[in-house]
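# Coordinate inspection notes
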Amino acid sequence: QVQFVESGGGVVQPGGSLRLSCVAAGFTFSAYTMGWYRQAPGKERELVAAITTDGRSDYSDSVKGRFVIFRDNAENSLYLQMNSLKPEDTASYHCSAYSDSAGEFYWGQGTQVTVPG
């Protein structure tokens with residue numbers, strides 16, 4: 001059974017930082033591209049960052065230069081370091097796993113990040 005335990009969300013003032021964590025289970029973590037999606041009320045789901053099995057990362061333009069994604073395959077863990085947070089970063093952040101070869105996609109329940117305007 002695939003499970004994600006996401007943590008690290010909260011309320012932070014503009015300009016502040018948070019680090020999100022995701023511990024995954026139920027699949028071969030190292031074989032999946034991992035990512036963080038976010039969803040805000042009334043907005044489409046957005047992939048903000050992804051990291052491949054060999055460690056290559058990519059970011060949406062909205063977070064590039066402010067967020068860093070990294071993974072620890074030994075701990076089945078994914079992280080998102082978020083710096084210089086803005087009110088528009090307010091959303092529920094979800095850990096995700098994708099395997100093109102297996103044709104599988106999973107995502108977690110999410111952790112809320114709120115940056116007051």
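Coordinates for the structure precede this section.
Quantities reported herein were computed from a predicted structural model and do not represent experimental measurements.

Reading guide: rules and limits
Residues numbered from 1 in each chain as written. Predicted model: local features only at pLDDT ≥ 70, side-chain atom pairs only at ≥ 80, totals over all residues. Heavy atoms only, no water. Phe/Tyr/Trp six-rings, centres within 6.5 Å; stacked < 30°, edge-to-face > 60°. Buried < 20%, exposed > 50% of the residue type's maximum accessible area, 1.4 Å probe, protein only. Helix = DSSP H or I, 4+ residues; strand = E, 2+ residues; numbered from the N terminus. Pairing = 2+ DSSP bridges.

Following the criterion strictly, the structure yields eight aromatic pairs and no others. Relative to Phe29, the ring of Phe27 has its centre 6.4 Å away and its plane inclined at 35°; by these criteria the two rings are tilted. You'll find Phe27 and Phe29 in the same group, each marked buried. Seen from their ring centres, Phe27 and Tyr106 are 5.6 Å apart, and the 40° between their planes marks the pair as tilted. Pair noted here: Phe27 is in the loop between strand E3 (18-25) and strand E4 (33-39) and Tyr106 is in strand E10 (residues 104-107), with a separation of 79 residues, a long-range link. Residue classification places Phe27 among the buried positions, given a relative accessible area of 12%.

In terms of strand pairing, E4 meets strand E5 (residues 46-51) through five bridges, oriented antiparallel. Each bridged residue has a counterpart across the sheet, and for Arg38 the counterpart in E5 is Glu46. Between E4 and E5, which follow one another and run antiparallel, lie six residues, and Gly42 among them has a positive phi close to 80°. Pairing analysis gives three bridges linking E5 to strand E6 (residues 57-59), with the strands arranged antiparallel. Pairing of Ala49 across the sheet is with Tyr59, part of E6. If you look at the hairpin formed by E5 and E6, you'll find five residues sitting between the two strands, and Gly55 has a positive phi there, around 90°.

So far we have only geometry, and geometry alone does not tell us how the molecule works.
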